[in-house]
Each structure stands twice: as C-alpha cells, then as structure tokens.
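Structural description and commentary
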Amino acid sequence: MRLLFGFLLCSALFSALKAQEFGFVGAKEQTAHDFQTFESLMTALKQADQVKKLDLYYKLDYSQLPQAIAELQELRILYLGHNNLEHLPPTFRKLQKLEELDLGQNPALSIQEIWPEVRELKNLRRLFIHRIQIEQLPQDFGQLQQLEWLSLEGNHRLTVESLSALDQCKRLKTLNLAWCNLQTLPSNLANFQQLEELYLNENKLNSIPQGLLALKQLKVLDLSDNELPLEDIETIKTALPQTKIYF
C-alpha cells in the first residue's frame, strides 16, 4: 500500500513540475491519507527541486516536516495549514525565496518553536499564523521587513502589548486580529500608518482604540461583533470617510 501511495504522490508531482506548482486540492482520486508517511513525502520532495508552490493543507499526519524540505530552493509559496505540526526542521530557514507561508491551524505549534526559523525568511511577504499557540509576539518581529500581510486570527491568548512590535514592519498593509479576545489595541497603533486593511471583528472592543482614527490609509476596517456604542461608531465613520467599515 505504501508503494501505491508513493507512486500516486510522485505521479502528481511530475505533472505539477511543468507548471512549477505542487498541490492536491481538488484531486478527487487522492485523499489526505495518501500522504501520511515520511517516505512518500520525502520521495516527492527530492524530485521537486524546481517547484515554486507546495500545497499540503490537511495532508500531514506527523509532527515535523522532513529535513528534505530545504531542498526546495525555488519555493515561493508553502501551505502547511490544518495539520498536526509541532516543529519546523532547522533547515527550514534555507527556503530564502519563500514569499508566502501558511502555518495556521496547527494547534500544537507555538511561536517559540517556529520563530528561530521564520525570522530568517527575509523575503516573506505573507504570513498566516492564525490559531496556533501565541501569547506574545517576539520583540524582533520587525526582522520580517518585507512582510505585507499577517494573519493572527483566533489566537485568544495574544497579549496586546506584544503587538507593539509590529510597528517595525513598515510594509505591513493587511493585519488580521479577528477573534483574538482583544479589549484594546497597542498604544502605538497610530504608527501603523501604512495599514490598508485591519480586521478586528469578533473581539471585545467597547471603545475606540487609541490611535485607530489616525489610520487614514485604511481601505477596509472590520469592527463587526464587538461592543462599540453607537456614538463611537458614528465617530469612526466621520473620521475615516474613505474607509469601508463593517460594524
């Protein structure tokens, strides 16, 4: 059976190489169970040195990626969400061309485990670390100087104070803080002048966060499912007339 799984995986890979994309979403003849062994995944990775996109949503049933992931030197996009990962291999930082990384919804994964590798990805533009274990963002989060999109959705223990580190990400345009159990926002929010989309829905905000009205570049602001009084809602509408606001 393992030989069959390996054959199916490699066959899919060779077909995808022509388009420099490796993924299994929508492949009706294959299921997550086809990719649950280290052997089949490593066999495929060793043949995939030119692949630029790797989609492993729901595909992994083990806690750590194989070291062979580092061989994907041309990889730009890597989707690892909705799995059982607990660690990233120490070779992960070699993926220096990586621009988009999704680690979301790996419930056993913690920011402490992944940060030593993730912070070395200097070309990263989009990072999804929603619904993992995060209480505090690292203070050197600004090392991700190219970061434009960050999803922290669903990290209920996230401390407001640690979000201050994001003001060093000068290219950050989209920030998702939905469903983070927030009652307020960092005191330096006004420094996030480059933000164009801010998602604060499903939190516990009951007053206008300090600095929010200074974000004049916002195109989208989602404040739905909070506890803002009507007068605050009207104040926000007046202060940000060009912003699409959801209450």
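Computed from a predicted model, the values in this text were never measured in an experiment.

**Points about the overall build of the protein chain**
When its secondary structure is counted, the protein chain shows four helices and 10 strands. The N-to-C order of helical and strand elements in the protein chain reads α-β-α-β-β-β-α-β-β-β-β-β-α-β. Residue burial in the protein chain is summarised as follows: out of 247 residues, 49% are buried. Looking at the protein chain alone, contacts between residues at least 24 apart form 47% of all its contacts between residues at least 6 apart.

**With respect to the packing of aromatic side chains**
Enumeration according to the criterion identifies three aromatic pairs in this entry. Over the ring of Trp 149 we find Arg 126, and its NZ or CZ is 4.1 Å from the ring centre.

**Observations concerning the nonpolar core**
Core analysis: the biggest nonpolar cluster contains 63 residues, and Phe 92, Leu 101, Ile 129 and Phe 141 have the highest contact counts within it. Per element, the largest residue contribution to this core is four residues, and it comes from helix H3 (residues 111–118). When residues of this core are assigned to domains, at least three map to each of domain 1 (34–133) and domain 2 (138–246).

**A word on the environment of Leu 215**
Relative to the elements of secondary structure, Leu 215 occurs in the loop between strand E8 (197–199) and strand E9 (220–222). Judged by relative accessible area, which is 0%, Leu 215 ranks as buried. In this structure, the C-alpha to C-alpha distance between Leu 215 and Leu 189, residues 26 residues apart in sequence, is 8.3 Å. Apart from residues no more than four positions distant in its own chain, Leu 215 is found in contact with Leu 189, Ala 190, Phe 192, Gln 193, Leu 195, Leu 198 and Leu 240.

**Regarding the confidence of the model for the protein chain**
The share of residues in the protein chain with pLDDT of 70 or more is 80%, and the mean pLDDT across the chain is 85. Per-residue pLDDT stays below 50 along residues 24–34; that stretch engages in 18 contacts with residues further than four places along the chain or on separate chains.

**Looking at the environment of Leu 127**
Counting through the fold element by element, Leu 127 comes out in strand E5 (residues 126–128). Classification of Leu 127 by relative accessible area gives buried; the value is 1%. Here the alpha-carbon distance between Leu 127 and Leu 144, two residues 17 residues apart in the chain, equals 9.8 Å. Other than its neighbours up to four places away in sequence, Leu 127 contacts Leu 101, Val 118, Phe 141, Leu 144, Leu 147, Trp 149, Leu 150 and Ser 151.

**Here we look at the pattern of salt bridges**
Two side chains with opposite charge may pair up if their charged atoms get near one another. Evaluation of the coordinates by the stated rule reveals 11 salt bridges. For Glu 74, the salt bridge goes to Arg 76, with nearest N and O atoms at 3.0 Å. For Arg 76, a relative accessible area of 24% corresponds to the partly exposed category. Arg 119 is the salt-bridge partner of Glu 120, the closest N and O atoms lying 3.8 Å from each other. Relative accessible area serves as the criterion here: at 26%, Arg 119 is assigned to the partly exposed category. Each of Glu 74, Arg 76 and Lys 97 takes part in one network of salt bridges that share partners.

What counts and how
- Residues numbered from 1 in each chain as written.
- Predicted model: local features only at pLDDT ≥ 70, side-chain atom pairs only at ≥ 80, totals over all residues.
- Heavy atoms only, no water.
- Helix = DSSP H or I, 4+ residues; strand = E, 2+ residues; numbered from the N terminus.
- Buried < 20%, exposed > 50% of the residue type's maximum accessible area, 1.4 Å probe, protein only.
- Contact = heavy atoms within 4.5 Å.
- Phe/Tyr/Trp six-rings, centres within 6.5 Å; stacked < 30°, edge-to-face > 60°.
- Lys NZ or Arg CZ within 6 Å of the ring centre and 35° of its normal.
- Core = buried A, V, L, I, M, F, W, Y, C linked by side-chain atoms within 4.5 Å.
- Domains from an automatic or database assignment.
- pLDDT = per-residue confidence, 0-100.
- Salt bridge = Lys/Arg side-chain N within 4 Å of Asp/Glu carboxyl O.

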